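Listed below, chain by chain, are the residues.
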Amino acid sequence: MTIALFRRLPKLVASRGTDHPLVDPATNASITVDDAVARWLSLTIELRDLEEVLVPVYQECSLAVGLEQNRHRRQQVLLLVGGLLTAAFGAVQAALSDSVWPGIVVAGVAAATSAVASIGRESGALDAYLSY
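Note that the structure is predicted; figures quoted are calculated from it, not measured.

Trainee: Looking at this model, I keep getting lost on the confidence of the model for the protein chain. Mind explaining?
Mentor: Low pLDDT means the predicted atomic positions in that stretch should not be read closely. Summing up the model confidence of the protein chain, the mean pLDDT is 82 and the portion of residues at 70 or higher is 87%. Helix 1 (residues 4-7) is the least confidently modelled element of the protein chain, averaging 67 in pLDDT, while helix 4 (residues 101-123) averages 90, the highest of any element.

Quick look at the structure:
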């Protein structure tokens, strides 16, 4: 059992899934076209057309959406961590008002977080994810 917060964390390297658009209605699990043909003989021609035309496009889009979704989530996690570090070192700076180093760290982390936000906005990961 995983905590809901950590269930959707992005992966460092996104996996390349082999999703299939056919789902068994009884078990909600993916099935191959050959299994579907064996179950529904009257749909053999349509299922073969599906395999030739739709499945390659579906798998390409499924892979692309997985990569874009993972990239967007990774950017959001970096922004959250950057904001957390900026706030934490801001508190350290307030506590150690006679030291200079916390202010330098706050400025550096805030600048890095702003750069990640700018790059994330320009990369268009969210737009690409939503368009797929």
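Still more ground to cover, so stick around.
Trainee: How do you make sense of a nonpolar patch on the surface when you look at a structure like this?
Mentor: Residues Val-53, Leu-54 and Tyr-58 make up a contiguous nonpolar surface patch of roughly 280 Å² in combined accessible area. Inspection of the secondary structure assignment puts Val-53 in helix 3 (residues 44-95).

Trainee: It is not clear to me how the environment of Thr-44 should be interpreted in this structure. Could you clarify?
Mentor: Summarising the element assignment, Thr-44 is placed in helix 3. The partly exposed category is assigned to Thr-44, whose relative accessible area is 27%. Thr-44 sits eleven residues away from Val-33 along the chain, and the two C-alpha atoms are 9.1 Å apart.

Trainee: Is there a simple way to explain the nonpolar core in this structure?
Mentor: In summary, soluble globular proteins display a tendency toward joint burial of nonpolar side chains. Core analysis: the largest hydrophobic core is formed by eight residues, namely Leu-22, Ile-31, Val-33, Ala-36, Val-37, Leu-47, Leu-50 and Val-55. For this core, the secondary structure elements donating two or more residues are helix 2 (33-39) and helix 3.

Trainee: Explain helix 3 here, please?
Mentor: Residue pairs spaced three or four apart in an α-helix point in one direction, given the helix's 3.6 residues per turn. Along its 52 residues, helix 3 runs 73 Å from first to last C-alpha, staying within 8% of the 76 Å computed at 1.5 Å per residue. At Leu-54, helix 3 shows its maximal bend, which comes to roughly 45 degrees, and the proline Pro-56 appears one to four places after that position. Listed in full, the buried residues belonging to helix 3 are Leu-47, Leu-50, Val-55, Ser-62, Ala-64, Glu-68, Asn-70, His-72, Gln-75 and Gly-82. Elements that come into contact with the buried residues of helix 3 comprise helix 2, helix 4 and helix 5 (125-131).

Trainee: Quick question: what am I supposed to make of the side chain of Thr-113 here?
Mentor: Inspection of the secondary structure puts Thr-113 in helix 4. The class of Thr-113 is buried, set by a relative accessible area of 16%. Every residue in contact with Thr-113, bar those within four places of it in the chain, is listed here: Leu-79, Gly-82, Gly-83 and Thr-86.

What counts and how
- Residues numbered from 1 in each chain as written.
- Predicted model: local features only at pLDDT ≥ 70, side-chain atom pairs only at ≥ 80, totals over all residues.
- Heavy atoms only, no water.
- pLDDT = per-residue confidence, 0-100.
- Helix = DSSP H or I, 4+ residues; strand = E, 2+ residues; numbered from the N terminus.
- Patch = residues over 30% accessible without salt bridge, like charges linked within 9 Å, V, L, I, M, F, W, Y side chains within 5 Å.
- Areas by Shrake-Rupley, 256 points an atom, 1.4 Å probe, with all protein chains shown as cover.
- Salt bridge = Lys/Arg side-chain N within 4 Å of Asp/Glu carboxyl O.
- Buried < 20%, exposed > 50% of the residue type's maximum accessible area, 1.4 Å probe, protein only.
- Core = buried A, V, L, I, M, F, W, Y, C linked by side-chain atoms within 4.5 Å.
- Expected span 1.5 Å × (residues − 1).
- Bend = angle between axes of the 7 residues up to and from the residue.
- Contact = heavy atoms within 4.5 Å.

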